[in-house]
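For reference, the chains in residue letters:
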2 protein chains.
Amino acid sequence: MDQSDLKAAPAWQLSERAIKLTSSAIREILKVTERPEVISFAGGLPAPASFPAEEMRAAADRILRDNPTGALQYSATEGYLPLREWVAERYSVGGAKIRASQVLITTGSQQALDLLGKVLVSPGSPVLVETPTYLGALQSFSLYEPNYVQMPTDDLGLVPEGLTPELTAGARLLYAIPNFQNPTGRRLPLERRQALARFAQSAPFPVVEDDPYGALDYAGQPLPTLLSMAPEHIVHLGSFSKVLAPGLRVGYIIAPEDLHFKLVQAKQATDLHTPSFTQRIVHEVVKDGFLDTHIPKVRALYRDQCAAMLDALARNMPEGVSWNRPEGGMFVWVTLPEGIDTMKLLEQAVAQNVAFVPGAPFFASEPQHNKLRLSFVTVSPAKIEEGVATLAKLIRARI
Amino acid sequence: MDQSDLKAAPAWQLSERAIKLTSSAIREILKVTERPEVISFAGGLPAPASFPAEEMRAAADRILRDNPTGALQYSATEGYLPLREWVAERYSVGGAKIRASQVLITTGSQQALDLLGKVLVSPGSPVLVETPTYLGALQSFSLYEPNYVQMPTDDLGLVPEGLTPELTAGARLLYAIPNFQNPTGRRLPLERRQALARFAQSAPFPVVEDDPYGALDYAGQPLPTLLSMAPEHIVHLGSFSKVLAPGLRVGYIIAPEDLHFKLVQAKQATDLHTPSFTQRIVHEVVKDGFLDTHIPKVRALYRDQCAAMLDALARNMPEGVSWNRPEGGMFVWVTLPEGIDTMKLLEQAVAQNVAFVPGAPFFASEPQHNKLRLSFVTVSPAKIEEGVATLAKLIRARI
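Residues numbered from 1 in each chain as written. Chains lettered and ligands numbered in written order. Predicted model: local features only at pLDDT ≥ 70, side-chain atom pairs only at ≥ 80, totals over all residues. Heavy atoms only, no water.

Under an unreviewed UniProt entry, chain A has the name PLP-dependent aminotransferase family protein and belongs to Paraburkholderia tagetis. The annotation that UniProt attaches to chain A under Cofactor (unreviewed entry) is "pyridoxal 5'-phosphate". As stated in UniProt under Subunit (unreviewed entry), the record for chain A gives "Homodimer." (UniProt positions renumbered as here; feature names shortened; annotations may be inferred.)

This is the structure:
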């Protein structure tokens, strides 16, 4: 680059938050895994076989025939009212009564995280997160420059007794994924849910329950949500990405009206509203009970894929490698012997056309380097076996 | 509300930026204008008659039949590559060569504003805006707590000679709408564009050219964009909202690669990507030259609507009321005699079922209270006459 080029491309001053921004390791890995020869356990992508494309096509056609203006014009920031009502009714189970006035439709669940950061987090605010937690949530909240506080966890997930006054002092929110957590695949047991709901009832900040995977429990026996236990004290995030299709980018936040109102104001400034058309497609597909027959099919598919992964791990992994047995969701969390750095392992694996996500980026601080996340839903059982065998060989060589 | 209710609804602490958030006056007005009996000159909504619903229906059908996975799966944060390439080619006119690597697809143009705020603005950063300017931009940037600096304008728009070193010191961005500005309807003359482009070439911050209305010049004789004059120094925002349909929420940012890369990182944390499906619909509709026949129809429609508004104003308004004669776009900017507060006028007008937007909220500071914005594209000529006559009567009573 010569002088005139330097002059032509000025280095504009960026905001402090932008200077700290870094691209996710997942993102860089995904670029490699676009090569068709790579067996990728890295993606958090749902299986395309589960997308109800024909139902979507029929829905899109009906909507643009019957009410094109509704689908193509600007619409309310809160979202499409019939969809908000559908969400409210679906969550009004047990003793909980959820109102449509609590529901804000978001451009995917990721936007819900951005809006919560906007509305709750000031620079330096303590934000309580699981150890480890969803990398995308860390990226999203980080734009608002929080001070992350890691909460104690064990093999069952978050340990509610660890939420001491010292640890939680001044927090602006607590972020948890009780169902089939990303990255660990863990499901929080009922007693811990009850304890966390009790904690939420007296906490001076919201407990955020992020639940993209809740419908994907293999046995079809969901545990109650935190929302159902303490409806006025929980902010619940849901999504159609894992039960319908992520490419539509339709999710939602259920929050008490006070916070809901602020989230709506923030969303108005952020993207005015989620596309009218995609919201209507989702509503048109789900309104007559489609998910009641569709979700069991997705569950069965994911259960079989998970079984293939667990079998492959048991057959191939050497002594000293351990993993959990997910009861739902898309991920297995693998622990290697201390001293094996999964970031370095990844480089070797990619050279042999196998990809996964190293565990370290999922920790807000004090990363553990001997962990990795395996996603199993988009890979055929034969390729799962092949990919796990390759990984096992690489690990054996390092023990 | 009794004690137990107060206990049940905790007042969670919000971020400083959220505390400052207020709902837009436009938003509150739009609620009133949903009543069918109201003649609304308030909305910035494009005319539904211009939405190519049948083309969209055919496009949606083809996409979900031929490549449902592409439309329904997660996709790249940067956007759908063929659409990015289409945008780059469309802007590569005259001497300018725009690269697809400069184009980021956004969830409407509003998201472009949010991303620019995220990446460029720190609390207290000076941000240069027109006097008045687009209210939605003020709302969007405000979340990042800038210090607004109003630039001098006259009846032709922004006055480039007013951009003195004193005024622009330390600015993080300059925000301008050269074509048929919201709210004034003004188009910046060629010589001022040239002066502004020269300014951009030596400024240590980006000049942001927001251009949602550029295609809507009634005579079909667009003036060159700032982007075409200084392609490496301008950040250009575009949108399909006004030329196709806003409900799809598809816009774009064209920026030098350095800034583009930061904007992509910010967008990843904000909503991962704009819906794959709506991006593909837009591309499918525009790729074979559809806009070349469609835009002239929208122009003709809006030109006729504007003429009806100008005629009605000339017929009805008393001495002392003035307005501009837009050469394109959706808005007329009206100046009333000093001392008439258009916010109070609005209350009276709404009581008589006529709505508009008062001018005050469009000023970053020192609001002018005797201005108002009239949008004419969604109201029939007969209703334009009726609504303007009602307004004129109210104004006459106050002179």
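This is not the end of the story, as more comes after the structure.
*Asks:* Run through the overall build of chain A, naming residues and quoting values.
*Replies:* Of regular secondary structure, chain A possesses 16 helices and 15 strands. A globule of 399 residues ought to have a C-alpha radius of gyration of about 21 Å, and chain A, at 22 Å, matches this closely. Here the C-alpha coordinates of chain A stretch approximately 60 × 55 × 55 Å along the principal axes. Every one of the 399 residues in chain A was classed for burial, and the buried ones make up 63%. A separation of at least 24 residues holds for 76% of the contacts in chain A among residues at least 6 apart in sequence. Element-wise, carbon and sulfur atoms account for 53% of the exposed surface of chain A, whose accessible area totals about 14,400 Å². Averaging the positions of the 38 positive and the 42 negative side-chain charges in chain A gives two centres separated by 2 Å. (Helix = DSSP H or I, 4+ residues; strand = E, 2+ residues; numbered from the N terminus. Rg over C-alpha atoms; globule rule 2.2 N^0.38 Å. Buried < 20%, exposed > 50% of the residue type's maximum accessible area, 1.4 Å probe, protein only. Contact = heavy atoms within 4.5 Å. Areas by Shrake-Rupley, 256 points an atom, 1.4 Å probe, with all protein chains shown as cover. Lys, Arg positive; Asp, Glu negative; His and termini not counted. Charge placed at Lys NZ, Arg CZ, Asp CG, Glu CD.)

*Asks:* Talk me through the environment of I254 of chain A; I want residue IDs and the actual numbers.
*Replies:* Residues and elements named next belong to chain A. Examined against the element boundaries, I254 turns out to sit in strand β10 (residues 251–254). As for I254 and V208, which are separated by 46 residues in sequence, their C-alpha atoms are 9.8 Å apart. Apart from residues no more than four positions distant in its own chain, I254 is found in contact with V87, Y91, I98, Q102, V103, L227, I234, V235 and H236.

*Asks:* Describe the relation of the copies chain A and chain B, and please don't skip the residues or the numbers.
*Replies:* Rotating chain A by 180° and translating it 0.0 Å along the rotation axis places it on chain B, where the RMSD comes to 0.0 Å. Within this description, the copies of the chain are treated as partners about a two-fold rotation axis. A share of 100% of the interface residues of chain A reappears at the interface of chain B, consistent with the copies meeting face to face through the same patch. (Least-squares fit on C-alpha atoms with pLDDT ≥ 70 in both.)

*Asks:* Requested: an account of the sheet that holds strand β12 (residues 331–335) of chain B, with residues and values cited.
*Replies:* Residues and elements named next belong to chain B. In spatial order, the strands read β11-β12-β15-β14; together these four strands make up an open sheet with antiparallel pairing. Bordering the open sheet on either side are β11 (322–323) and β14 (357–358), each of which pairs with just one other strand. Note that β11 and β12 share two bridges and pair antiparallel. Its bridge partner being in β12, W323 is matched across the sheet by V334. (Pairing = 2+ DSSP bridges.)

*Asks:* Can you tell me about the sheet that holds strand β7 (residues 173–176) of chain A, naming the residues and giving the values?
*Replies:* Residues and elements named next belong to chain A. Pairing is mixed across the open sheet formed by seven strands, whose spatial order is β2-β10-β9-β8-β7-β3-β4. The outermost strands of the open sheet, each flanked by one partner alone, are β2 (103–106) and β4 (147–150). Taken pair by pair, the neighbouring strands of this sheet meet at an average axis angle of 20°, ignoring direction. Relative to β10, strand β9 (residues 234–239) runs antiparallel, the two sharing four bridges. Bridge pairing in β10 places G238 opposite Y252. Where helix α7 (residues 108–120) meets the sheet, its contacts fall on β2, β7, β8 (207–210), β9 and β10, and the angle it forms with β9 comes to roughly 150°. Most of the contacts of helix α10 (residues 190–202) go to β8, to which it runs at about 140°, and overall it touches β7, β8 and β9. (Axes fitted to C-alpha atoms, helices over the stretch in contact; angles between N-to-C directions.)

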